[in-house]
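Listed below are the residues making up each chain.
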Amino acid sequence: MLSYQHAYHAGNHADLLKHFVLTFVICSLNKKDKPYTFFDTHSGSGLYDLLDNKSIKTGEAAKGIEVLLKQKDFPPELLPYVNLVKGFYKNHIYPGSPAIEKTLLRKNDVLILTELHPAEIENLRTNMNSSFNAGFGNDSVLEKLALENPEIQIHKRSGWEMLKALTPPKTKRGAVLIDPSYEEISDYENAAKVICDVLKKWSNGIFMLWYPLLSHREIQINQMLNQITDGAKAVNQNMEILRQELLINTKDSHIETELKDLSKSNPPRLYGSGMLVLNSPWKLKESSDVAVEYFSKLLYEGKK
């Protein structure tokens, strides 16, 4: 399905978790001089105007990134992500994953983006030709990185197809962000199958999978995560695997909504989301624990 548009959800609680982890992983890869390849399987448009009607209609950014940026003191673990977002937010823009990747990757690295939605891929092409160097004066590292554009390849094709076809990359080092909409049941199945298949030929790649927390999809979510974990352990019994989740409500908080109407006009809402990271970099668990605790205190809506 091609109905999903991230503009309605940009800067929400799920983006905070996903993009914090994404920023940490890329910064970890940057610690070595050797180039790497980064794959983004479901790229979207890359930049999102928070004054756009789509963003205002849902109000998700107002309950997510805008709450975060109103804070004055941040744990040091959050600063790379927060400083990056602040640079864009000065213009009421929230950076999607391609914008974060383009900003942080270096001139010898390769960024491969994939999007199927006809309007979104045109926006992506336009946005990836934009300059991101304005606004990062508060962070000299970011300012320098933003001037070093990586090689960018943009494909209009299935992200699942792309990942299977283009891995392992020539650089050997690299990572992938997998962030489907999960509008279809097949997304859960495809995520598990494709990750397990690609791991067999690219065992040292860092795999980041974002997933929603939805009460009515609990079986599919657990099946997907268990299949991927089992597949990863079959490739390398000692592989570092991180499963990190951010809850902004209780598990049963949306049961009434779900029972009433499962149509697209009134879809069940997320009570949180998670990130599964294979070949998790050193210190990601500790840093993401700090981030999740901080985000939870700011955004949690349920009764504790």
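So, how was this worked out
Residues numbered from 1 in each chain as written. Predicted model: local features only at pLDDT ≥ 70, side-chain atom pairs only at ≥ 80, totals over all residues. Heavy atoms only, no water. Axes fitted to C-alpha atoms, helices over the stretch in contact; angles between N-to-C directions. Helix = DSSP H or I, 4+ residues; strand = E, 2+ residues; numbered from the N terminus. Parallel < 35°, antiparallel > 145°, perpendicular 65-115°, else oblique. Left-handed = near helix turned anticlockwise from the far one by under 90°. Contact = heavy atoms within 4.5 Å. Nonpolar A, V, L, I, M, F, W, Y, C, P; charged D, E, K, R; others polar. Expected span 1.5 Å × (residues − 1). Buried < 20%, exposed > 50% of the residue type's maximum accessible area, 1.4 Å probe, protein only. Arc of directions from axis to C-beta. Phe/Tyr/Trp six-rings, centres within 6.5 Å; stacked < 30°, edge-to-face > 60°. Salt bridge = Lys/Arg side-chain N within 4 Å of Asp/Glu carboxyl O.

Draft legend 1. Focus on the packing of helix H1 (residues 13–29) against helix H5 (residues 97–104). Orientation of H1 relative to H5, taken along the N-to-C sense of each, is 20°, at an axis distance of 10 Å. In this view, H1 runs roughly parallel relative to H5, as classed from their interaxial angle. Here H1 and H5 pass one another in a crossing that is right-handed. In this structure, H1 uses His19, Leu22, Thr23, Ile26 and Cys27 to contact H5, whose residues at the interface are Ser97, Ile100, Glu101 and Leu104. Tallied by class, the residues present in the contact of H1 with H5 amount to five nonpolar, three polar and one charged.

Draft legend 2. Layout of the environment of Ser215. With respect to the helices and strands, the residue Ser215 is situated in the loop between strand S7 (206–213) and helix H10 (218–235). When the C-alpha atoms of Ser215 and Ser131 are compared, they prove to be 41 Å apart, with 84 residues separating the residues in sequence.

Draft legend 3. Representation of H10. A rise of 1.5 Å per residue sets the reference length of H10, with its 18 residues, at 26 Å; its end C-alpha atoms lie 26 Å apart and thus fit the reference within 8%. When H10 is considered as a whole, its buried residues turn out to be Ile221, Met224, Leu225, Ile228, Gly231 and Ala232. Within H10, the buried residues cover an arc of 130° as seen down the axis, which keeps them to one side. For H10, exposure combined with an orientation more than 90 degrees from the buried face picks out Ile219, Gln223, Asp230 and Ala234. Among the structural elements, helix H9 (186–201), S7, strand S8 (241–247) and strand S9 (272–278) are those in contact with the buried residues of H10.

Draft legend 4. Molecular detail of the environment of Tyr294. Tracing the sequence through the fold places Tyr294 in helix H12 (residues 284–299). A sequence separation of 85 residues divides Tyr294 from Leu209, and the C-alpha atoms of the two residues are 21 Å apart. Excluding residues that lie within four positions of it along the chain, Tyr294 makes contacts with Leu68, Gln71, Asp73, Phe74, Pro75 and Leu78.

Draft legend 5. Local environment of the packing of aromatic side chains. What the rule picks out here adds up to five aromatic pairs. On the basis of an interplanar angle of 75° and a centroid distance of 5.7 Å, the ring pair of Phe39 and Trp202 is categorised as edge-to-face. In this pair, Phe39 is assigned in strand S1 (residues 37–40) and Trp202 in the loop between H9 and S7, connecting sequence segments 163 residues apart. On the basis of relative accessible area, Phe39 is assigned to the buried category, the value being 0%.

Draft legend 6. Local environment of the pattern of salt bridges. Applying the stated criterion to the full structure yields eleven salt bridges. Ionic pairing is found between Asp15 and Lys18, a salt bridge with its closest N-O pair at 3.2 Å. With Asp15 and Lys18 both in helix H1 and three residues apart, the pair spans about one turn of that helix. Note that Arg106 and Asp109 form a salt bridge whose closest N and O atoms lie 2.9 Å from each other. The exposure class of Asp109 is buried, given its relative accessible area of 1%. In this structure, a network of salt bridges that share partners links the residues Asp15, Lys18 and Asp179.

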